[in-house]
Amino acid sequence: MNTYFLFFGKSQDFTFHAFDKNGLVPDFNVIIKHFDQLESLVFSVDEPDNKDTIAKYVFKTSKGKAYSLLKQYSCAQAFAGDRLSGSTYGVAILSDGDVQLTDYNLRLLKSAKERFATLSLSGLKFNKSDFLEDVKKIWKGISEYTQNNELSYFEKINVSPDIPSLQRNDISAFYVPDLIEGSIEIGCMSTESNKIYITEDFNHLKRAYQKWGEIKFPVFHKVGNAYQQYTDEKTGSKRVGSSDLRDLHSEITILKDDMQQTRRGILRKLDDLSKEVMIWKFASIGLVTLFLLYLAFPFISPKQYAITDDEIAQIKGYIDQQYDSTRAVLDNLHDERNTRIDSVKDTESATIDADTKSNKPTQSVPNSNIGNQKPEDEHK
């Protein structure tokens, strides 16, 4: 079970700071995204003399987790502004358990809110644009101060471990003569509302009732021993007076300010969303790049093959075969060359013999009668 103590107010724009058992929560978006349950839009501050309001909410986040919220708030003007309508400050207890409307919880809220006003307000006006340093001091007292080694004030907050149960999504507002005693009494009742407002300020309740109507903002007051729904007298049509014009001007001012605040909230959400989109964009590009590298790896990486003995033998046989074939071709060429050389030699020898025979001079046989020739033969 997780419980938080919160300080909130419109010191400039609407601001809140949350603390848990570990101290300041630096980014509450991690707990609840765009948490907006602290600023009351239906039963909002409308006059400087509004009395304190106790409110209890039960709600679910966008992720479906249930929470309960118990808060106390009243009027305080912004540090750099003079608007009254909608300008609030207060304290709250938030938990994923059921925060109880008990005497201890209510008095803790009252004490913390009074200390908050002492440090951060000058009259009905914030004395600074951010009250973080002030509420750190208050939180230190709530979380650290103990008596006789007992639990701290924060650890003694009354929270039921039961998951808060959603009722019908409507509102109930109660007028009580005493804020704490009346709130404890209503906390013991069985209500069918997810938002309960409790205050001693009947005129404030009546103005909200006239603004929203008895269906959206039913008001209950005690008659005898039971609470009954308040019904306004039906006066029929009436002329528009100066007070009505002031109310209309006030309504226009509130709507204008609410639109500006909504715009700022939307811009903040868009900024957060754009950051998330950029993160997802870069993450997607990185993932796509890694996937493409994975697909391309077989084509760009050096391939390694395991060669078996059979494949080595086949390669060796192929080489030997090619060698034998090449050797046979070379041997045939060598034999043919030798044959041609021998043939040329034989041809040249035959030619030389023939030439010799045809060019040899004729040798005379010695005549034996030469020396015996007769003289008359010489005269012939």
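Before any of the text, the structure's been laid out above.
A quick note: this is a predicted structure, and the numbers were derived from the prediction, not measured.

Enquirer: Explain the nonpolar core to me, please; I cannot follow it from the model alone.
Expert: Residues Phe 5, Phe 7, Phe 116, Ile 142 and Ile 198 are the most contacted members of the largest nonpolar core, which totals 37 residues. Contributing elements (two or more residues each) for this core: β1 (3–9), β6 (88–95), α1 (103–120), α2 (132–144), α3 (179–187) and β12 (195–199). For this core, the element with the highest residue contribution is α1, accounting for six residues. With sequence-adjacent residues up to four places away left out, Phe 7 is seen in contact with Thr 15, Phe 16, His 17, Phe 19, Gly 90, Val 91, Phe 116, Phe 131, Val 135, Ile 138, Trp 139 and Ile 142.

Enquirer: What exactly am I supposed to notice about the packing of aromatic side chains here?
Expert: Aromatic rings considered in pairs are described by the distance between their centres and by the relative angle of their planes. For the coordinates displayed, the defined rule picks out 26 aromatic pairs. For the pair Phe 59 and Tyr 67, a centre-to-centre distance of 5.9 Å together with 20° between the ring planes defines the contact as stacked. For the pair Phe 59 and Tyr 67, a shared accessibility class is recorded, and that class is buried. Of the aromatic side chains, those joined through ring pairs into one cluster are Phe 5, Phe 7, Phe 19, Tyr 89, Phe 116, Phe 126, Phe 131, Trp 139 and Phe 154. Across the ring face of Tyr 57, the terminal group of Lys 195 is positioned such that the distance to the ring centre comes to 4.8 Å.

Enquirer: It is not clear to me how a nonpolar patch on the surface should be interpreted in this structure. Could you clarify?
Expert: A contiguous nonpolar patch, built from Ile 266, Leu 267, Leu 270, Leu 273 and Val 277 and spanning about 450 Å² of accessible area, is present on the exposed surface. With respect to the element layout, Val 277 can be found in helix α5 (residues 242–300). Residue class for Val 277 comes out partly exposed when judged on its relative accessible area of 47%.

Enquirer: Would you mind going over unusual backbone geometry with me for this structure?
Expert: Most peptide bonds take the trans configuration, and most residues that are not glycine carry a negative phi. Backbone geometry places His 34, a non-glycine residue, at a positive phi of 50°. With respect to the helices and strands, His 34 occurs in the loop between β3 (23–24) and β4 (53–60). Judged by its relative accessible area of 27%, His 34 is partly exposed.

Enquirer: Honestly, the pattern of salt bridges in this entry has me stumped. Any pointers?
Expert: For side chains of opposite charge, pairing can occur when their charged atoms come near one another. One pass over the full model with this rule turns up ten salt bridges. Between Asp 98 and Lys 56 there is a salt bridge; the shortest N-O distance is 3.0 Å. With a gap of 42 residues between them, Asp 98 in strand β7 (residues 98–99) and Lys 56 in strand β4 connect regions that are remote in the sequence. The exposure class assigned to Lys 56 is buried, which follows from its relative accessible area of 16%. One salt bridge connects Glu 150 with Lys 156, and the closest N-O pair in it is separated by 3.8 Å.

Enquirer: Honestly, the environment of Ser 165 in this entry has me stumped. Any pointers?
Expert: Relative to the helices and strands, Ser 165 is located in the loop between β10 (159–160) and β11 (171–175). The class of Ser 165 is partly exposed, set by a relative accessible area of 46%. In sequence terms Ser 165 and Lys 60 are 105 residues apart; their C-alpha atoms lie 9.6 Å from each other. If we skip the residues at most four places from it in the chain, Ser 165 touches Val 58 and Asn 194.

Enquirer: Is there a simple way to explain the sheet that holds β1 in this structure?
Expert: Within a beta sheet, neighbouring strands are joined by backbone hydrogen bonds and run either parallel or antiparallel to one another. Strand order in the open sheet made by the ten strands is β3-β2-β1-β6-β5-β4-β12-β11-β13-β14, with mixed pairing throughout. Each edge of the open sheet is held by one strand with a lone partner, namely β3 and β14 (226–229). Examined bridge by bridge, β11 and β12 share five bridges and lie parallel to one another. Counted as the bridge partner of Phe 174 is Ile 198 from β12. Sheet strands touched by α3: β4, β5 (66–75), β11, β12, β13 (219–223) and β14. Its angle to β12, the strand with the most contacts, is close to 150°.

Enquirer: Is there a simple way to explain the environment of Val 219 in this structure?
Expert: Within the secondary structure, Val 219 is located in strand β13. On the accessibility criterion, Val 219 (1% relative accessible area) is buried. A C-alpha to C-alpha distance of 7.1 Å links Val 219 and Leu 205, two positions 14 residues apart in sequence. When residues no more than four places from it in sequence are discounted, the contact partners of Val 219 are Ala 173, Leu 205, Tyr 209, Gln 228, Gln 229 and Tyr 230.

Enquirer: Looking at this model, I keep getting lost on the packing of α1 against α3. Mind explaining?
Expert: If you want to describe how two helices pack, look at the angle between their axes and the distance between the axes. As a packed pair, α1 and α3 sit with axes 10 Å apart at the nearest point and diverge in direction by 140°. Every pair of crossing elements has a handedness; the one defined by α1 and α3 is right-handed. Residue-level contacts link Asp 103, Leu 106, Arg 107 and Lys 110 of α1 to Ile 180, Ser 183 and Ile 184 of α3. Within the contact of α1 with α3, the residues separate by chemical class into three nonpolar, one polar and three charged.

Quick notes on the rules
- Residues numbered from 1 in each chain as written.
- Predicted model: local features only at pLDDT ≥ 70, side-chain atom pairs only at ≥ 80, totals over all residues.
- Heavy atoms only, no water.
- Core = buried A, V, L, I, M, F, W, Y, C linked by side-chain atoms within 4.5 Å.
- Buried < 20%, exposed > 50% of the residue type's maximum accessible area, 1.4 Å probe, protein only.
- Helix = DSSP H or I, 4+ residues; strand = E, 2+ residues; numbered from the N terminus.
- Contact = heavy atoms within 4.5 Å.
- Phe/Tyr/Trp six-rings, centres within 6.5 Å; stacked < 30°, edge-to-face > 60°.
- Lys NZ or Arg CZ within 6 Å of the ring centre and 35° of its normal.
- Patch = residues over 30% accessible without salt bridge, like charges linked within 9 Å, V, L, I, M, F, W, Y side chains within 5 Å.
- Areas by Shrake-Rupley, 256 points an atom, 1.4 Å probe, with all protein chains shown as cover.
- Salt bridge = Lys/Arg side-chain N within 4 Å of Asp/Glu carboxyl O.
- Pairing = 2+ DSSP bridges.
- Axes fitted to C-alpha atoms, helices over the stretch in contact; angles between N-to-C directions.
- Left-handed = near helix turned anticlockwise from the far one by under 90°.
- Nonpolar A, V, L, I, M, F, W, Y, C, P; charged D, E, K, R; others polar.

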